[in-house]
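Architecture and fold: a report
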Amino acid sequence: MNEPRIAFIGAGNMAASLIGGLLAQGVPVERIRASDPGAEQRAKISAEHGIFICADNAEAVAGADVIVLAVKPQVMKRVCQALAPHLSDSQLIVSIAAGIPCNSLERWLSAQPEAAPAIVRCMPNTPALLRQGVSGLYATARVTAEQRQQAEQLLSAVGVALWLDAEQQIDAVTAVSGSGPAYFFLLIEAMTAAGEQLGLPRETAAQLTMQTALGAARMALESDVDAAELRRRVTSPNGTTEAAITSFQAGGFEALVHQALTAAATRSAELA
Ligand code: NAD
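What counts and how
- Residues numbered from 1 in each chain as written.
- Predicted model: local features only at pLDDT ≥ 70, side-chain atom pairs only at ≥ 80, totals over all residues.
- Heavy atoms only, no water.
- 1 Å grid on protein atoms, 1.4 Å probe; cavity = no way out; pocket = protein on both sides within 12 Å on 5 of 7 lines; lining within 4 Å.
- Points joined across faces, edges and corners; volume = space filled by probe spheres on them.
- Helix = DSSP H or I, 4+ residues; strand = E, 2+ residues; numbered from the N terminus.
- Nonpolar A, V, L, I, M, F, W, Y, C, P; charged D, E, K, R; others polar.
- Expected span 1.5 Å × (residues − 1).
- Buried < 20%, exposed > 50% of the residue type's maximum accessible area, 1.4 Å probe, protein only.
- Arc of directions from axis to C-beta.
- Contact = heavy atoms within 4.5 Å.

Considering the layout of surface pockets
If you add up the space inside the second largest pocket, you get close to 740 Å³. Every residue lining the second largest pocket is counted, 26 residues in all, and those nearest its centre are Met14, Ala70, Val71, Lys72 and Ile96. Residue assignment for the lining of the second largest pocket shows that the elements contributing at least two residues are α1 (13-24) and α4 (73-83). Of all the elements, α4 adds the most residues to the lining of the second largest pocket, at 4 residues. Within the lining of the second largest pocket, the residues separate by chemical class into 15 nonpolar, 8 polar and 3 charged.

Concerning helix α9 (residues 202-222)
Here α9 spans 30 Å end to end across 21 residues, near enough to the 30 Å set by a 1.5 Å rise per residue. Of the positions making up α9, those classed as buried are Ala205, Ala206 and Thr209. Projected down its long axis, α9 shows its buried positions confined to an angular sector of 105 degrees, all on one face. Structural note: α9 exposes Glu203, Gln211, Met219 and Glu222 on the side pointing more than 90 degrees away from its buried face. In this structure, the buried side of α9 is in contact with α8 (180-197).

Regarding the environment of Pro117
Checked against the element boundaries, Pro117 lands in the loop between α5 (102-109) and β6 (118-123). Assessed through its relative accessible area of 11%, Pro117 is described here as buried. Pro117 sits 30 residues away from Leu87 along the chain, and the two C-alpha atoms are 8.7 Å apart. With sequence-adjacent residues up to four places away left out, Pro117 is seen in contact with Ile93, Glu106, Leu109, Ser110, Thr140 and Arg142.

The following block contains the structure:
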């Protein structure tokens, strides 16, 4: 497969992470370009990554194989409608915008209604900024096998990329991983506060909590048994862990998590 030429429309935080990730993977600098109306942002991206960056979205997409829409959802319609006359049939559109369904993008991007473009819609999450993200990807029927690979390579540059087989699953991805970092931050806050109340210096409680979260995630990722089995293995009858787990369960922990994620998925569907 030839290295695709990738154009970023909008060069903010998420685009900068993707550009950094692609370059780190060895994608040649001349294969990546971007556009952004912010002069300061253009100077920053150009200095950090050495890619070509301009103010004109139409100039950025000329000759690109993959076009990444990395603007905020509020400006997406205007950006797409202005881009439509400058697109060609063979170009893949990758949208990372939250809450914008493929059929809206198709409508805004096609100069003629029958010429819908190939679209991959993604839901990444903020750890992508550290290349530790995870994304759900959904492809419309027009996306070719080669284009799927190109989209996967793009999102893999900032973490793990997982394909979905229905667009509605994006709402569940939003509930689990899109909003998920905040749930872990909340748990880190609560465990740190509890550790402090139990007599630890705040900084010690915070470090113990964060390193435990990281270690537990790595164990779960690297183990060949599931999280429930890992938990059973560290929970001795009548021990300290069992005392805590029993207390979590008596408070309805699992039901609460289910309820919280359902609320996030419902909100995601409402926003689309
Ligand atoms: P950001 O504000 O950092 O970047 C957006 C960029 O778009 C800015 O640099 C802005 O100058 C530029 N822009 C504005 N109008 C434009 C136009 N007309 N043409 C071209 N560029 C224009 O935002 P971000 O955090 O990078 O988010 C970008 C997209 O990624 C959003 O749609 C968001 O929903 C999605 N997203 C972000 C995250 C995240 O963790 N940051 C997670 C999931 C999805």
